[in-house]
Amino acid sequence: MASLDTTSAALQWTMTELINHPDIFAKIRDEIKSVVGTTNRLIKESDLQKLPYLQAAIKETLRLHPVGPLLRRESNTDMKINGYDVKSGTKIFINAYGIMRDPTTYKDPDKFMPERFLVVEQDTERKMGYYQQYMLELKGQDVNYLAFGSGRRGCLGASHASLVLSLTIGSLVQCFNWTVKGDEDKIKIKLPTGFSASGTAGGSSLMCSPELCFDPFGYQTK
Amino acid sequence: MTIRIGSLRVLVVSDSDTAKLILKTHDPDFASKFVFGPRQFNVYKGSEFFNAPYGSYWRFMKKLCMTKLFAGYQLDRFVDIREEETLALLSTLVERSRNGEACDLGLEFTALTTKILSKMVMGKRCRQNSNIPKEIRKIVSDIMACATRFGFMELFGPLRDLDLFGNGKKLRSSIWRYDELVEKILKEYENDKSNEEEEKDKDIVDILLDTYNDPKAELRLTMNQIKFFILVSYLHYFSLASLN
C-alpha cells in the first residue's frame with residue numbers, strides 16, 4: 001500500500017523530483033555550500049532561512065504533488081456566492097490540485113521550476129523578509145497556493161512540516177549523491193490513483209543508493 | 001460544478017477566485033468540514049477534533065494547540081527532536097553508503113516522521129521504551145489499512161451501514177488495540193505525575209492531561225477526546241492533508 005504518512009510522502013516526492021532534476025539538485029547543494037562556507041559542518045535549522053532556493057524547491061514539489069489535493073468544507077449558513085445561492089450544510093471540495101496547476105496563474109504548470117517562487121518574491125510590495133513571506137504563503141495567504149489549505153481550517157502543522165522537509169532534504173542533498181537502483185537514471189513518476197498521496201516508482205518504495213560526499217559526523221566516524 | 005458520489009452531493013470549486021470567497025472572505029461561514037464514509041466503527045464517536053464541526057470544542061482545541069501544544073517551550077523542544085532524528089537518519093545512510101547498499105528512502109522517511117511525532121507527543125515514554133514509536137506505527141497502519149479498504153458502495157451507497165465484508169469489525173478491533181496501548185501509556189503518565197516538573201520538560205500528553213485535570217479549564221476534556229486526538233495526530237501526522 002502507498003505510504004499514507006503525509007510528511008513522508010512529501011519527502012519522497014521531493015527526493016524524486018530532485019533526482020530527476022540533477023541541475024536543481026546541484027543548485028541546492030551550491031546554495032548550502034555558500035551558507036555553510038568553509039566551516040565544514042552539517043546544516044542546522046537556523047540556516048534554513050538563508051536557503052531560499054531549497055525552500056522554493058520544496059514549495060514547488062508540494063505545488064505539483066499536494067498531499068491534500070482536495071480541501072473539504074461545509075457551509076454553516078445560507079449565503080450567496082458568485083450570484084448563486086448556497087444553502088447551509090452544502091458540502092464543498094476545493095480542488096487545490098487543479099488550482100495549483102492552473103495555467104493562468106502558473107506558467108508551464110506541469111513543469112518542476114522552483115525559480116517561479118523566487119521571481120514572485122521580487123514582485124511583492126510587502127516589505128518583509130523572504131522567509132516570513134514564505135511561511136505566510138505556505139499557510140494559504142495566497143489562494144493560488146493551497147498545499148496546506150487556508151483559513152481557520154488550514155493546516156496547524158504547516159511550519160513544523162516545512163521545517164522537517166527542509167532540514168531533511170537539505171541534509172540529504174548536502175551529504176550524498178543519489179543514484180536510482182536499476183538501469184535507468186530517472187524515476188518514473190506514475191500518476192497516483194485515487195486519494196493516495198504518494199505516486200513514486202513502484203508505489204511506496206523509493207529505492208536508491210546514497211554515495212557519501214560529505215561526512216556529517218566528520219572525525220567521529222573515522 | 002456539482003458531482004454526485006453515491007448518495008452524496010458535493011460542490012467542486014476549481015478556480016482560485018471562488019476559492020478565495022470561501023477560504024478568505026467567508027471563511028467563518030465555511031469553517032466546518034464534512035466527513036464521509038462509515039463512522040459507526042469509530043469507538044471514539046463524538047470525540048473528533050480535526051473534522052469536528054466549527055463549534056466550542058473545536059475552538060477550544062484549536063486555542064490549546066496554538067497557545068500550549070505548539071507554542072513556547074514546545075517549539076524549542078521540537079527543534080531538538082527534529083535535529084536529533086535527522087542525524088539518526090544520516091547515520092543510517094552513511095552506514096549504507098559505506099557498505100555500498102541501496103536503501104528504500106520511503107521506509108526511512110516513514111521511520112523518521114514516526115519517531116519525530118512520537119517524541120513530540122509522548123517523548124518521556126519514548127525515552128524509557130524506544131519500541132513505542134514502532135508499536136504505535138504498527139497499530140495505526142492496521143487502522144489505516146482497514147479504513148481505506150472500504151469499497152465504494154460501503155463508503156457512499158445506501159448500504160454503508162451494513163458491514164458487508166467484515167471490514168468494520170476489523171477496524172473496530174484495531175482501534176480497541178490502540179485503546180489498550182494508549183490507556184497503558186496514559187496510566188504511566190498519571191503515575192509518574194508525583195513530582196512537579198518544569199514547564200519545559202512537558203510533552204504533548206503532559207499538557208493534554210494537565211488540561212484534563214484542570215478544574216478551571218474553559219471546557220473539560222474527556223479521556224476519549226485525548227485518546228482520539230493522539231490517534232488522529234498519527235493518522236494524519238498533523239494532517240498536512242486532513243486538516244485542510
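Residues numbered from 1 in each chain as written. Chains lettered and ligands numbered in written order. Predicted model: local features only at pLDDT ≥ 70, side-chain atom pairs only at ≥ 80, totals over all residues.

Before going further, it helps to spend a moment on the overall build of chain A. Per the secondary structure count, chain A includes seven helices and six strands. Mapped in sequence order, the helices and strands of chain A form the string α-α-α-β-β-β-β-α-α-α-α-β-β. Looking at chain A as a whole, 43% of its 222 residues are labelled buried. For chain A, long-range pairs separated by at least 24 residues make up 67% of all intrachain contacts whose partners lie at least 6 apart in sequence. (Helix = DSSP H or I, 4+ residues; strand = E, 2+ residues; numbered from the N terminus. Buried ≥ 20, exposed ≤ 12 C-beta atoms within 10 Å, placed from the backbone. Contact = placed C-beta atoms within 7 Å.)

From N to C terminus, chain B includes nine helices and three strands. Listed by position from the N terminus, the elements making up chain B come as β-β-α-α-α-β-α-α-α-α-α-α. A total of 244 residues make up chain B; the buried ones form 36% of that total.

Moving on, we get to the interface of chain B and chain A. The interface of chain B with chain A comprises 58 residues on the first partner and 71 residues on the second. Each residue belonging to the side of chain B that touches chain A can be placed in one class, and the counts come to 34 nonpolar, 14 polar and ten charged. Of the pairings in the sheet, the one linking strand β6 (residues 207-212) of chain A to strand β3 (residues 103-104) of chain B comprises two bridges and is antiparallel in character. Residue pairing in the sheet places Met-207 of chain A in a bridge with Asp-104 of chain B of β3 of chain B. (Nonpolar A, V, L, I, M, F, W, Y, C, P; charged D, E, K, R; others polar. Pairing = 2+ DSSP bridges.)

Let us now look at the pairing of strand β4 (residues 91-95) of chain A. Residue and element names in this part refer to chain A. With four of five residues buried, β4 lies mostly within the body of the structure. Taken together, the five bridges between strand β1 (residues 70-74) and β4 define a ladder with antiparallel strand orientation. Paired with Arg-73 across the two strands is Ile-92, which belongs to β4.

Between its first and last C-alpha, helix α3 (residues 73-98) of chain B extends 38 Å over 26 residues, near the 38 Å set by a 1.5 Å rise per residue. Along α3 of chain B, the residues that are buried comprise Ile-81, Arg-82, Glu-85, Thr-86, Leu-90, Leu-93 and Ser-97 of chain B. In this structure, the buried side of α3 of chain B is in contact with α7 (158-175), β5 (176-180) and β6 of chain A together with β3 and α4 (105-128) of chain B. Where α3 of chain B terminates, the next one or two residues include Gly-100 of chain B, which has phi positive at roughly 65 degrees. (Expected span 1.5 Å × (residues − 1).)

Residues and elements named next belong to chain B. Averaged over every residue, the pLDDT of chain B is 78; residues scoring 70 or more account for 75%. The secondary-structure element of chain B with the lowest mean pLDDT is helix α6 (residues 152-156), recorded at 50, while α3 shows the highest, at 91. The ipTM, which scores confidence in the relative placement of chains, is 0.82 for this predicted complex, and the corresponding pTM is 0.82. (pLDDT = per-residue confidence, 0-100.)

With that out of the way, let us pick up the nonpolar core. What tends to happen in soluble globular proteins is that the nonpolar side chains get buried as a cluster. In this structure, Ile-94 and Leu-146 of chain A are the most contacted members of the largest nonpolar core, which totals 88 residues. Each of domain 1 (1-30) and domain 2 (31-236) of chain B accounts for three or more of the residues forming this core. If we ignore the near neighbours within four places in the chain, the residues touching Ile-94 of chain A are Leu-70, Leu-71 and Arg-73 of chain A together with Val-13, Ala-19 and Ile-22 of chain B. (Core = buried A, V, L, I, M, F, W, Y, C linked by C-beta atoms within 7 Å. Domains from an automatic or database assignment.)

Let us look at the confidence of the model for chain A. Considering every residue of chain A, the mean pLDDT works out to 79; 74% of them sit at 70 or more. Mean pLDDT across the elements of chain A bottoms out in helix α6 (residues 130-138) of chain A (62) and peaks in helix α2 (residues 22-36) of chain A (95).

Below, the discussion takes up α4 of chain B. All names here are of chain B. Helix length check: α4 (24 residues) gives 27 Å between terminal C-alpha atoms against 34 Å at 1.5 Å per residue, more than 12% under. Most pronounced at Met-122, the bend in α4 amounts to some 115 degrees. Counting buried positions over the 24 residues of α4 gives 17, a clear majority of the element. (Bend = angle between axes of the 7 residues up to and from the residue.)

All names here are of chain B. Here Cys-146 lies in helix α5 (residues 132-148). When the 20 C-beta atoms within 10 Å are taken as the criterion, Cys-146 is described as buried. Remark: the alpha-carbon pair of Cys-146 and Gly-168, spanning 22 residues in sequence, is separated by 7.5 Å. Beyond its immediate chain neighbours, meaning those up to four positions away, Cys-146 contacts Asn-167, Lys-170, Leu-171 and Ser-174.

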